[in-house]
Amino acid sequence: MTQEIYLSKKDIIKYLKTTNAEEIKYLFDKANALTEKLRGNKIHFRGIIEFSNYCEKNCFYCGLRRDSKIERYLMTKDEILNCAKFCHEKNYGSLVLQSGEITTNKRLDFLIDIISTIKEKYNLGMTLSLGEMPKNSLQKLFDAGGHRYLLRIETSNESLYKKLHPKNHSFKNRLKTLDNLRDIGFQVGTGVMIGLPFQTYEDLANDILFFKKMDIDMLGMGPYVADEKAPLYKNAPILKDAFMLSLKMVALSRLYLKDVNIAATTAMQTFDKKGREKAMTAGANILMPIVTPTHLRKNYMIYSNKPCVEDTKEQCFNCITARLRSINKEMGQNQYGDSLHFHKRIQK
Ligand code: 5AD
Ligand code: SF4
């Protein structure tokens, strides 16, 4: 299991298509072996605080889109700090601040205040997942203490991107924002949805090549889950078994990109109760337990059947630590668990 494998685009497509159980096992075992070589059996945590579901955008696939008739909320500073305190007490090491996209100055000031307070009070790594913003706003968030940023490209195929978004959502601006994040000094994360309507095996292989070309540090990917509140619901995907394809994308990305951080995303658990564990034994090394207060979770349904919606943050902590034990992995307690790729990249 120590010999590395080298993948061409053709190999990637072959693995995406295969239904051969032995080939699939070989792929997952190789990816797990490389992950353990890089990270031992440590999984790094980022407690995710879904602090607001307001969104200016109208992506065709998302349950939080502007036109969705859902109850909107913005957590108060105290509520957010309370979640950050929990992450600190549970030795999570890091948190993620996630919301829909809001580009007002009022929101920016609110974020700067929250980020700098968390930075001052708790020694926690901080990932931001707040959508596209102008470069000077992102710079201010970085200066306040955010050091990692997740912005999924959703698909690297521009014409597919256009089918998934209204006309005023710009693929080019998304690319530009990823460049801006890197220029500012963030650890940059991106990712795609898997099994989207119109998406092909070739698109998925190109996504992995895109991650490499963009020199990204972190990856968050998961299956597309059709949501009846969103207009894309009416288009059936071409590819079958989005969950298996997502596991394969995790494994192939690990083998192709090697030293990046890869999340076992919550969406992985939508189609399979052990989805996140399976991802963590196929190349993923990051877990994002939800710490959002329970009463708000039902209003943060990005897609239908989202797991953990009825649970408390304590239940999520207990559940996740048990899940890790079941696969002989453990939490990297109190560590930032930064992307190894990022540290190599900035030394160049
Ligand atoms: N299924 C799966 N993932 C989704 N996202 C949005 N809508 C869906 C869906 N229907 C993902 C997008 C976005 C992230 C916050 O949630 O990739 O970037
Ligand atoms: Fe808003 Fe993000 Fe959903 Fe698009 S995917 S509608 S930007 S929350």
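Shown above is the structure to which this text applies.
Residues numbered from 1 in each chain as written. Chains lettered and ligands numbered in written order. Predicted model: local features only at pLDDT ≥ 70, side-chain atom pairs only at ≥ 80, totals over all residues. Heavy atoms only, no water.

1. A look at the state of the cysteines
For step 1, the next point in the chain: Enumeration over the complete set of coordinates arrives at zero disulfides.
For step 2, the next point in the chain: C316 takes part in no disulfide bond, and the closest cysteine sulfur to it belongs to C308, at a distance of 4.7 Å.
For step 3, the next point in the chain: C319 takes part in no disulfide bond, and the closest cysteine sulfur, belonging to C308, lies 6.3 Å away. (Disulfide = S-S within 2.5 Å.)

2. Details of the sheet that holds strand 12 (residues 330–331)
For step 1, the next point in the chain: Read from one edge to the other, the open sheet built from ten strands follows the order 2-3-4-5-6-8-10-11-1-12, with strand pairing classed as parallel. A single partner strand is all that each edge strand has here, and the edge strands are strand 2 (47–52) and strand 12.
For step 2, the next point in the chain: As defined by bridge partners, strand 2 adjoins strand 3 (residues 94–99) across five bridges and the pair is classed as parallel. Bridging across to strand 3, I49 finds its partner in L97.
For step 3, the next point in the chain: Along the sheet face, helix 7 (residues 171–184) touches strand 5 (148–150) and strand 6 (187–190) and points at about 155° away from the line of strand 6. (Pairing = 2+ DSSP bridges. Helix = DSSP H or I, 4+ residues; strand = E, 2+ residues; numbered from the N terminus. Contact = heavy atoms within 4.5 Å. Axes fitted to C-alpha atoms, helices over the stretch in contact; angles between N-to-C directions.)

3. Overview of the packing of aromatic side chains
For step 1, the next point in the chain: Evaluated as defined, the whole model comprises seven aromatic pairs.
For step 2, the next point in the chain: A ring pair is formed by F86 and Y92, whose centres lie 6.0 Å apart and whose planes are at 90°; its orientation type is edge-to-face.
For step 3, the next point in the chain: Using a relative accessible area of 0% as the deciding quantity, one classes Y92 as buried.
For step 4, the next point in the chain: Linked through ring pairs, F45, F86, Y92 and F317 together constitute an aromatic cluster.
For step 5, the next point in the chain: The side chain of K90 reaches across the aromatic face of F317, ending 4.5 Å from its centre. (Phe/Tyr/Trp six-rings, centres within 6.5 Å; stacked < 30°, edge-to-face > 60°. Buried < 20%, exposed > 50% of the residue type's maximum accessible area, 1.4 Å probe, protein only. Lys NZ or Arg CZ within 6 Å of the ring centre and 35° of its normal.)

4. What about empty space enclosed by the protein?
For step 1, the next point in the chain: Tallied over the full model, the rule gives one cavity of 30 Å³ or more.
For step 2, the next point in the chain: By volume, the largest cavity is sized at about 1,000 Å³.
For step 3, the next point in the chain: Considering the residues around the largest cavity, the lining is formed by 49 residues, among which Q98, S129, R152, E154 and I302 are closest to the centre.
For step 4, the next point in the chain: Breaking the lining of the largest cavity down by element, the ones donating at least two residues are strand 2, strand 3, strand 4 (125–129), strand 8 (218–219) and strand 10 (261–264).
For step 5, the next point in the chain: Here the lining of the largest cavity is composed, by residue class, of 26 nonpolar, 13 polar and ten charged. (1 Å grid on protein atoms, 1.4 Å probe; cavity = no way out; pocket = protein on both sides within 12 Å on 5 of 7 lines; lining within 4 Å. Points joined across faces, edges and corners; volume = space filled by probe spheres on them. Nonpolar A, V, L, I, M, F, W, Y, C, P; charged D, E, K, R; others polar.)

5. Digging into the site of ligand 2
For step 1, the next point in the chain: In the region of ligand 2, the neighbouring residues are C55, K57, C59, Y61, C62, R65 and G100.
For step 2, the next point in the chain: A molecule is said to occupy a pocket when more than half its atoms come within 2 Å of that pocket's grid points, and by this definition ligand 2 occupies the largest cavity.
For step 3, the next point in the chain: Residues belonging to the shell around ligand 2 are distributed by class as follows: four nonpolar, one polar and two charged. (Near = heavy atom within 4 Å. Sits in = over half its atoms within 2 Å of the grid points.)

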